[in-house]
2 protein chains.
Amino acid sequence: MSIIFSKKCEYGIQAILFLSAEVESQICSADEISKKLLIPKEFVSKILQELTTSGIVDSKKGKSGGFFLSKPISEIRLIDVVTAIDGFDIFNKCVLGFSNCSSDSPCPVHNTWAKLSKETVQMLSEATLDEFLETTKRKLSSIGDVKN
Amino acid sequence: MSIIFSKKCEYGIQAILFLSAEVESQICSADEISKKLLIPKEFVSKILQELTTSGIVDSKKGKSGGFFLSKPISEIRLIDVVTAIDGFDIFNKCVLGFSNCSSDSPCPVHNTWAKLSKETVQMLSEATLDEFLETTKRKLSSIGDVKN
DNA sequence: ACATAATCAGATTTATTTATCTGATTAAAA
DNA sequence: TTTTAATCAGATAAATAAATCTGATTATGT
């Protein structure tokens with residue numbers, strides 16, 4: 001059970017972060033990403049193909065091919081990945097599942113959630129991948145550690 | 001696709017809110033709740049049975065039986081329902097899906113999300129059902145409206 | 001006493017999400 | 001030129017979540 005994002009989206013974000021950290025090496029294969037992030041290879045491959053379609057990553061076919069970011073990391077934000085995979089609607093839906101929840105007909109937590117939802121979008125929109133770079137690298141290097 | 005809560009949990013919360021608004025009538029059948037909230041009858045019935053097990057609601061079998069809150073509405077909080085159905089772990093998991101995400105090994109949004117997650121728990125913990133009563137009643141009366 | 005209407009337990013079905021497979025195409029390297 | 005290693009498209013399988021069904025039990029009201 002996932003909070004906020006689908007597994008697909010979580011994997012997508014992780015893969016994009018990985019690519020941002022490997023940006024000098026220009027290109028990474030799905031196999032490489034899969035091994036590093038412990039994500040099923042075919043799945044991450046599918047996800048990156050989708051992100052190729054939505055213009056966030058580019059790909060190169062054939063031997064020594066793979067995926068790479070289509071823009072400088074200073075121009076990519078996490079929200080781009082989220083929007084591409086899970087869509088933006090998740091941030092507008094009523095958190096208690098009521099239909100037609102709005103400020104005119106609010107559920108008990110409507111206003112509070114509206115604020116938190118907005119802040120979540122902000123969290124994903126404010127920073128670009130380059131601002132995360134150091135944290136990303138440290139995090140990636142600790143994947144698979146028993147304890148950290 | 002649900003943000004934060006499973007559909008089961010959303011339905012559970014809605015049902016509890018319904019019971020809080022119908023607290024004078026003492027008892028409501030699954031059929032009644034289902035019709036009002038537009039939730040499949042057998043599903044809401046199952047959920048309320050689970051909430052009976054976890055002590056949030058009580059039930060009465062047989063003709064003119066049904067469900068009712070086991071405590072005064074001034075003693076029930078939304079977080080109780082969430083914990084009973086989806087568990088508390090959802091609030092501790094990494095929002096980007098990294099394992100072992102912690103302040104020692106944070107993902108790029110770890111700290112921001114920790115704050116937002118905490119505030120979400122607060123939103124569900126602060127108020128008791130009686131503090132929501134008016135909003136709840138208004139909301140319930142507008143369910144099924146084409147526009148509101 | 002009997003019909004009715006409810007919970008309840010457990011199995012089953014359906015839908016959705018997650019994951020895998022197959023084969024075609026592509027391009028680099030041997 | 002052939003082998004190799006990659007994307008890519010589309011189908012399939014497996015796992016999980018959501019919804020439904022079946023029958024037993026329980027208690028109310030006629």
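See above for the structure.
Residues numbered from 1 in each chain as written. Chains lettered and ligands numbered in written order. Predicted model: local features only at pLDDT ≥ 70, side-chain atom pairs only at ≥ 80, totals over all residues. Heavy atoms only, no water.

What follows concerns the overall build of chain A. Along chain A, the regular secondary structure elements total six helices and two strands. Secondary structure elements of chain A, listed N to C terminal, follow the sequence α-α-α-β-β-α-α-α. With the C-alpha coordinates aligned to their principal axes, the bounding extent of chain A is approximately 55 × 35 × 30 Å. When burial is assessed residue by residue, chain A has 50% of its 148 residues classed as buried. Residue pairs in contact within chain A that sit at least 24 positions apart in sequence constitute 63% of those at least 6 positions apart. Here chain A has roughly 7,200 Å² of accessible surface; of this, 50% comes from carbon and sulfur atoms. Between the mean site of the 18 positive side-chain charges and the mean site of the 19 negative ones, chain A shows a separation of 5 Å. (Helix = DSSP H or I, 4+ residues; strand = E, 2+ residues; numbered from the N terminus. Buried < 20%, exposed > 50% of the residue type's maximum accessible area, 1.4 Å probe, protein only. Contact = heavy atoms within 4.5 Å. Areas by Shrake-Rupley, 256 points an atom, 1.4 Å probe, with all protein chains shown as cover. Lys, Arg positive; Asp, Glu negative; His and termini not counted. Charge placed at Lys NZ, Arg CZ, Asp CG, Glu CD.)

Moving on: the protein's contact with DNA strand C. Close to DNA strand C lie 25 residues, the nearest being Pro 40, Phe 43 and Gly 62 of chain A together with Lys 46 and Ser 59 of chain B. At the protein interface, 70% of the atoms of DNA strand C within 4 Å belong to sugar or phosphate. A distance of 3.2 Å separates a phosphate oxygen of DNA strand C from a polar backbone atom of Lys 7 of chain A. Ala 30 of chain B places a polar main-chain atom, nitrogen or oxygen, 2.9 Å from a phosphate oxygen of DNA strand C. Elements with a minimum of two residues in the surface near DNA strand C: α1 (7-21) and α3 (41-53) of chain A together with α3 (41-53), β1 (57-60) and β2 (66-69) of chain B. Examining the composition of the surface near DNA strand C, we find that three residues originate from one element, α1 of chain A, more than from any other. Of the residues belonging to the surface near DNA strand C, the class tally is six nonpolar, nine polar and ten charged. (Near = heavy atom within 4 Å. Polar contact = N/O pair within 3.5 Å; in protein donor to acceptor, adjacent residues only side chain to side chain. Nonpolar A, V, L, I, M, F, W, Y, C, P; charged D, E, K, R; others polar.)

This part covers the relation of the copies chain A and chain B. Once turned by 180° and shifted 0.0 Å along the axis, chain A lies on chain B with an RMSD of 0.0 Å. The superposition operator between the copies reduces to a two-fold rotation axis. When C-alpha positions in chain A are compared against the rotation axis, the closest is assigned to Ile 4 of chain A, at 2.6 Å. When the interface residues of chain A are mapped onto chain B, 100% of them again fall at the interface, so both copies present the same face. (Least-squares fit on C-alpha atoms with pLDDT ≥ 70 in both.)

Evaluation of the coordinates by the stated rule reveals eight salt bridges over all chains. With its nearest N and O atoms 3.2 Å apart, the salt bridge here joins Glu 119 of chain A to Lys 115 of chain B. One end of the pair, Glu 119 of chain A, is in helix α5 (residues 110-126); the other, Lys 115 of chain B, is in helix α5 (residues 110-126), on a second chain. The class of Glu 119 of chain A is buried, set by a relative accessible area of 19%. One salt bridge connects Lys 8 of chain B with Glu 50 of chain B, and the closest N-O pair in it is separated by 3.1 Å. Highlighted residues: Lys 8 of chain B in helix α1 (residues 7-21) and Glu 50 of chain B in helix α3, separated in sequence by 42 residues. Beyond isolated ion pairs, a larger network of salt bridges with shared partners links Lys 115 and Glu 119 of chain A together with Lys 115 and Glu 119 of chain B. (Salt bridge = Lys/Arg side-chain N within 4 Å of Asp/Glu carboxyl O.)

Residue and element names in this part refer to chain A. Among the residues of helix α4 (residues 78-85), those classed as buried are Leu 78, Ile 79, Val 81, Val 82 and Ile 85. For α4, the angular spread of buried residues about the axis comes to 160°, placing them on one side. Its buried side turned inward, α4 meets α1, α3, α5 and α6 (129-141). Trailing α4 by a residue or two, Gly 87 shows a phi angle of about 80°, which is positive. (Arc of directions from axis to C-beta.)

For the rest of this paragraph, the subject is the pairing of β1 of chain B. For a regular strand, side chains alternate in direction, first toward one face of the sheet and then toward the other. Bridge analysis of β1 of chain B against β2 of chain B gives four bridges, and the strand direction is antiparallel. Residue pairing in the sheet places Ser 59 of chain B in a bridge with Phe 67 of chain B of β2 of chain B. (Pairing = 2+ DSSP bridges.)

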